[in-house]
Amino acid sequence: MSGATHKLCLLGDFGVGKTSLVARFVHSTFSDKYLTTVGVKVDSKQVALPGRAAVKLVIWDIAGRNALDALGRNYLRGAAALLLVADGTREDSLASALDLLMQSRSVVPGAIVTLAVNKFDLLDEWEVVPPVLVELRRSLPVFETSARTGEGVEAAFADLAGRLAS
Amino acid sequence: MGTSGSGQSPIAPADSVARPAPDAGPLERLRELLLAPEVRALVEVRGRLADLEASQQALARRLPGALEALQGEAETRRMAAALSAPVAQALGTAVRTRRQLLVDALFPVIGPLIRKSIAEALRNLVADLNAAIESSFTLRGLKWRIEAWRAGVPYAEVVLKHRLAYRIDHVFLIERASGRVLWHAAAPELAALDADAIAGMLTALGDFVQDSVGAGEGGGNLESATVGEHLVWIASGPAANLACFMRGAPPERLRSRLQERLEEVHARCADGWPEQGRPLPEWDGLLQPSALLSAGDAAAPATPPARLWPWILLLGLTACGLVAWLLGNHVWDTRIQALRARLAAQPGMIVGAIDSRPWRSLTVHGLIDPDAPPLDAGVVAAGLGGVVPTLALDGYVSTDDAVVARRAARLLAPPATVTLGVQQGVLRLEGSAPGAWLAAARERAGWIAGVARVDLAVQPQADPAAAALLELRGLARELEDIEVPFTEGDAPGPGADAQLAAIVERARRARVLAGQAGVDLVLESVGSNDETGGVEINRRVRAQRAQWLATALAARGIDGVRSTDVGSGRHRSAWLRLAIGDVP
Ligand SMILES: Nc1nc2c(ncn2[C@@H]2O[C@H](COP(=O)(O)OP(=O)(O)OP(=O)(O)O)[C@@H](O)[C@H]2O)c(=O)[nH]1
Ligand SMILES: [Mg+2]
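Fair warning: this is a prediction, and the values are worked out from it, not measured in the lab.

**Considerations on the overall build of chain A**
Here comes step 1: Secondary structure assignment for chain A yields five helices and six strands.
Here comes step 2: In chain A, the order of α-helices and β-strands from amino to carboxyl end is β-α-β-β-α-β-α-β-α-β-α.
Here comes step 3: For chain A, the proportion of its 166 residues judged to be buried stands at 56%.
Here comes step 4: Long-range contacts, defined as pairs at least 24 residues apart, comprise 71% of the intrachain contacts of chain A with a sequence gap of at least 6.

See the structure below:
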């Protein structure tokens, strides 16, 4: 049944919604409560791909941070994919995500990357303006997501899975 | 790949934000785009920082003095409240960054605590062992005993082996770096679980532990973890870890076995690890829970055919039952013999048949003399396990000396001054007794059943009544001769006073003696005369003289004297006569 298994790490600042995105994707749930992640929470999900063998994602939801320490680098080891997460309502979280991406390069140089700008349902409060996103899209795939409504979540993960399978 | 090649360029130093390198990639340009306003803010902040530093140095100089100047409880308390949060946080930071310092400081406290908990654990182990050894007469205990006997090892060792039973639920071979599952096996009956997530968490946990303990590469590996009854042991290798999930108490040798197996896996993959999702077939043989369990236990003795032991057990139990039954009967029989001996030793008793059902009921048939000493119920029932014997006894006359003595005592009722003993049919009575009892005893003793001869050595006791009567009679004789002389008519002659005094003395004594002897006593004053004078005159004179004596005695305290005249006279005199009544 299964094709390969791939390790996927979520990276992003505190409270941007990493855990919420995983909960939405793996368990189809959402909670307004903010329980900050301590260390790592690992989940896994089989992703069906049209016309191809399914891919299993082992998803490492790493505690939010704006810089990678030794432990964080350890967590990243062997990751085939990174999902950067930023919070659209906090512009600084986007900077953190990009910082993290650059720091992660030394550990996982070959990992594929996707950026999720989260909390799309709060679009009115967004600080990240469209021109920035347009600029970003030239460098890497960017998805506007909402863990609350589920919008864009499946697409972001499916994009990663598809690129991993190929 | 989603990122362009420039994504792999080295991380730019912070300064490069202000002075972008000419060949900066698109990501660097993005950073500049995003951060330009922040750089301006940064310059401003630097200026403010310098001011702050200056004022901070001044504060640092003043702070100790200010703290020392704290006075009064309220002030101190406020300070403590204000400091509690930062101090707690500082402690937290210290735990993370200055661990060794804290460990050194806490060591003296932790040492005793650890020792105490070890002692506790040991105590529990001993309690476990004791329980097991005590329960050795349960079915399982018996089985273990048989096992120990067959294997020729101490029982306690077998108990320990079974008490330390454990089972392996899962075995994971995990790629060390990524935490991916290379191979996984579970005990057959277990529900499926998310092996990838578990292996990932385990790896993350290992990373976390290594990072926090901070002992550098190789040191501080996560080796085991417990959650409730579940236990994880992890053997670490350079490329992969082996994690074993268990329940129970595995032996320490399993740990080295895990390490050996992991080394073997590494050795076989020295030329490269298989592609992900393609485990090597020989891993099954090396790492399956069953393969980990059985190895090394081969040294254990071959177990007997499984179906044999119930029979051995049954046979053993039957034999035990038989032995117990025989033993019980034997014990009962010896107790009955003892009872027979005890009863036979009783005087005045002849023991016949003893009917009994072991440990249930018991009837003693036999003969008993009514004069036999009563049986002590305790003596009779001793050692019979609560069975109360029924006595079916008929009467007979015993010639046993002890019984004859009791019979003689009952029939003769000797006074306390007489001792009574029987020896070989000879009844010996000793001491002293009133004559009346002595006379009766002399008459009856020879008739008592079982008495062949009587040895009567009893002194008769003096009877105070008889003695008193005897003396009284003597007094009566004396008084007949003590006469009060008269000259003419009722005029007392010379020496009359002395005679009168002698009479008074004896009359008093006589009344006392009569009381002691229990007889009636009448005092009569008697008058007499000589041959001269006429009959009528003489009779009158005699009455006068008797009356004179009665009056004189009454004047001296002896009243109730009857005066009488006697027909034939002797002298011109009067005397006192004692009329003694019949002995009662
Ligand atoms: N409105 C809205 N709230 C969201 C969304 N995603 C997350 N949140 C809320 O944001 C808060 C933080 O979410 P988490 O998923 O815990 O954030 P995190 O990135 O895992 O945080 P750390 O574990 O601390 O790094 C929670 O209160 C969530 O309910 C979203 O798409 N829309
Ligand atoms: Mg989280």
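**Some words on the coordination of the magnesium ion (ligand 2)**
Residues and elements named next belong to chain A.
Here comes step 1: Taken together, the protein donors to the magnesium ion (ligand 2) comprise Thr 19 (OG1) and Thr 37 (OG1), at separations of 1.9 to 2.0 Å. Linking Thr 19 in helix H1 (residues 18–27) with Thr 37 in the loop between H1 and strand S2 (40–49), this pair joins segments that are 18 residues apart in sequence.
Here comes step 2: With relative accessibility at 35%, the residue Thr 19 sits in the partly exposed group.
Here comes step 3: Take Thr 37: its relative accessible area is 18%, and that puts it in the buried class.

**Brief notes about the pairing of strand S11 (residues 453–461) of chain B**
Note on strand geometry: in a regular strand, side chains alternate between the two faces of the sheet.
All names here are of chain B.
Here comes step 1: Across nine bridges, strand S10 (residues 426–434) lies against S11 in parallel orientation. Among the inter-strand pairings, Ser 432 is bridged to a residue of S11, identified as Gln 459.
Here comes step 2: With respect to chirality, the unit in which S10 leads through helix H13 (residues 435–444) into the neighbouring parallel S11 is right-handed.

**Here's the deal with the interface of chain A and chain B**
Here comes step 1: With 37 residues of chain A at the interface, the matching set in chain B holds 31 residues.
Here comes step 2: Around 2,900 Å² of area is buried between chain A and chain B when both sides are counted, 64% of it from carbon and sulfur atoms.
Here comes step 3: A per-residue breakdown of the area chain A buries against chain B is headed by A:Arg77, A:Met102 and A:Ser139, which together make up 20% of the total.
Here comes step 4: The tally of links from chain A across to chain B stands at two salt bridges.
Here comes step 5: Note that B:Asp207 and A:Arg77 form a salt bridge whose closest N and O atoms lie 3.5 Å from each other.
Here comes step 6: There are four residue pairs in polar contact (both at pLDDT 80 or more) connecting chain A and chain B.

**With respect to the side chain of B:Asn529**
All names here are of chain B.
Here comes step 1: Within the secondary structure, Asn 529 sits in the loop between strand S14 (521–528) and helix H16 (535–555).
Here comes step 2: Separated by 3.2 Å, the side chains of Asn 529 and Asn 538 make a polar contact.
Here comes step 3: A distance of 3.0 Å separates the side chain of Asn 529 from the side chain of Arg 542, its partner in a polar contact.

**A closer look at the packing of aromatic side chains**
Here comes step 1: For the coordinates displayed, the defined rule picks out seven aromatic pairs over all chains.
Here comes step 2: A cation sits over an aromatic face here: A:Lys45 above A:Phe25, 4.8 Å from the ring centre.

**Focus on the side chain of B:Asp196**
Here comes step 1: Note on placement: B:Asp196 falls in helix H6 (residues 195–213).
Here comes step 2: Look at B:Asp196 and you get buried, because its relative accessible area is 8%.

**With respect to the site of ligand 1**
All names here are of chain A.
Here comes step 1: The environment of ligand 1 is made up of 24 residues, and the closest members are Thr 19, Ser 20, Ser 31, Tyr 34 and Thr 36.
Here comes step 2: Within the backbone of Asp 32, a nitrogen or oxygen atom sits 2.8 Å from an oxygen atom of ligand 1.
Here comes step 3: Asp 121 places a polar side-chain atom, nitrogen or oxygen, 2.8 Å from a nitrogen atom of ligand 1.
Here comes step 4: Contact with the protein chains removes 94% of the 650 Å² of surface that ligand 1 exposes when unbound.
Here comes step 5: Partitioned by chemical class, the residues of the shell around ligand 1 number seven nonpolar, ten polar and seven charged.

**A few points about the packing of helix H15 (residues 496–517) of chain B against H16(B)**
All names here are of chain B.
Here comes step 1: Where H15 meets H16, the axes come as close as 11 Å, and the angle between the chain directions of the two elements is 65°. As H15 packs across H16, the resulting crossing turns out to be right-handed. For the pair H15 and H16, the contacting residues are Leu 500, Ile 503 and Val 504 in the first and Trp 548, Leu 549, Ala 552 and Leu 553 in the second.
Here comes step 2: A breakdown of the residues in the contact of H15 with H16 according to their chemical character gives seven nonpolar, no polar and no charged.

**A few points about the pattern of salt bridges**
Here comes step 1: Enumeration according to the criterion identifies 30 salt bridges over all chains in this entry.
Here comes step 2: The residue A:Asp32 makes a salt bridge to A:Arg148 at a minimum N-O spacing of 2.5 Å. Taken together, the positions of A:Asp32 in the loop between H1 and S2 and A:Arg148 in the loop between strand S6 (142–144) and helix H5 (153–165) put the pair 116 residues apart, joining distant regions of the chain.
Here comes step 3: Accessibility expressed as a relative area gives 59% for A:Asp32, which makes it exposed.
Here comes step 4: Residue classification places A:Arg148 among the partly exposed positions, given a relative accessible area of 41%.
Here comes step 5: As a salt-bridge pair, B:Asp169 and B:Arg247 come within 2.9 Å of each other at their nearest N and O atoms. Of this pair, B:Asp169 sits in strand S1 (residues 166–175) while B:Arg247 is found in strand S5 (residues 240–248), placing the two residues 78 residues apart along the sequence.
Here comes step 6: The buried category is assigned to B:Asp169, whose relative accessible area is 4%.

**A short note on the sheet that holds strand S6 (residues 349–357) of chain B**
All names here are of chain B.
Here comes step 1: Taken in spatial order, the three strands make up an open sheet running S6-S7-S8, and their pairing is mixed. The sheet terminates laterally at S6 and strand S8 (390–395), the two strands that pair on one side only. Recorded for the sheet is a direction-independent mean angle of 15° between the axes of neighbouring strands.

**Concerning unusual backbone geometry**
Here comes step 1: Phi is positive for A:Ser28, which is not a glycine, with a value near 55°.
Here comes step 2: Topologically, A:Ser28 is positioned in the loop between H1 and S2.
Here comes step 3: Phi angles above zero are rare outside glycine, and B:Gln424 is one such case at about 50°.
Here comes step 4: By secondary structure assignment, the location of B:Gln424 is in the loop between strand S9 (418–423) and S10.
Here comes step 5: The class of B:Gln424 is exposed, set by a relative accessible area of 73%.

**Structural notes on the sheet that holds S1(B)**
Residue and element names in this part refer to chain B.
Here comes step 1: If you trace the five strands from one edge of the open sheet to the other, you get S2-S1-S5-S4-S3, paired in antiparallel fashion. Both outer strands of the open sheet, strand S2 (181–186) and strand S3 (224–227), are each paired with one neighbouring strand and no more. On average, each strand axis in the sheet is tilted by 15° relative to the strand beside it, whichever way the strands run.
Here comes step 2: When strand S4 (residues 230–236) meets S5, the two strands line up antiparallel, connected through seven bridges. In the sheet register, Ala 235 faces S5, and the bridge partner there is Leu 242.
Here comes step 3: Sheet strands touched by H6: S1, S2, S4 and S5. Its angle to S1, the strand with the most contacts, is close to 80°.
Here comes step 4: Together, S1, S3, S4 and S5 form the strand contacts of helix H7 (residues 252–268), whose direction differs from that of S4 by roughly 40°.

Conventions we followed
- Residue numbers restart at each chain and count upward from 1, following the sequence in its written direction.
- Chain letters start at A and ligand numbers start at 1, both assigned in the order the entries are written.
- The predicted nature of this model means local features are confined to residues of pLDDT at least 70 and side-chain atom pairs, given and counted, to a pLDDT of 80 or more, with totals for whole chains, interfaces and linings taken over all residues.
- Side-chain measures here rest on the full set of heavy atoms in the structure, leaving out hydrogens and waters.
- By definition, any uninterrupted DSSP run of H or I lasting at least four residues is a helix, any uninterrupted run of E lasting at least two residues is a strand, and each is numbered from the N terminus.
- Only protein chains enter the accessibility calculation, which uses a 1.4 Å probe. A residue is then buried if its area is under 20% of the maximum for its type, exposed if over 50%, and partly exposed in between.
- Should any heavy atoms of two residues lie within 4.5 Å, those residues are considered in contact.
- Each metal site is built from N, O and S donor atoms within 2.8 Å (3.2 Å for Na, K and Ca), and since water is not included, such sites may look incomplete.
- Strand pairing follows a simple DSSP-based rule, namely that at least 2 bridges must link the two strands.
- Handedness rule for crossovers: strands pointing away from the viewer, path from the first strand over the helix to the second running clockwise, crossover right-handed.
- The term buried area refers to how much accessible surface (probe radius 1.4 Å) is lost by two components on association, counted for both of them together.
- Salt bridge, as used here: a side-chain nitrogen of Lys or Arg that lies within 4 Å of a carboxyl oxygen of Asp or Glu.
- We define a polar contact as two N or O atoms separated by no more than 3.5 Å, with the added condition that, inside protein, one atom must be a possible hydrogen donor and the other a possible acceptor, whereas residues neighbouring each other in sequence contribute only through side-chain atom pairs.
- For Phe, Tyr and Trp, where Trp contributes only its six-membered ring, two rings pair if their centres lie within 6.5 Å, and the inter-plane angle classes them as stacked under 30 degrees, edge-to-face over 60, or tilted in between.
- Look at NZ for Lys and CZ for Arg. If either is within 6 Å of the ring centre and within 35 degrees of the ring normal, a charge sits over the ring.
- Nearness of a residue to a molecule or strand requires only that one of the residue's heavy atoms be within 4 Å of it.
- Per-residue accessibility takes into account occlusion by the displayed protein chains alone, with areas from the Shrake-Rupley method and a 1.4 Å probe.
- Amino acids outside the nonpolar list (Ala, Val, Leu, Ile, Met, Phe, Trp, Tyr, Cys, Pro) and the charged list (Asp, Glu, Lys, Arg) are all regarded as polar, and Gly is one of them.
- As a rule, the C-alpha atoms of each element are fitted with a line to give its axis, helices using only the stretch in contact, and angles between N-to-C directions run from 0 to 180 degrees.
- Take the far helix as the reference: if the near one is turned anticlockwise from it by less than a right angle, the crossing is left-handed, and if turned clockwise, right-handed.

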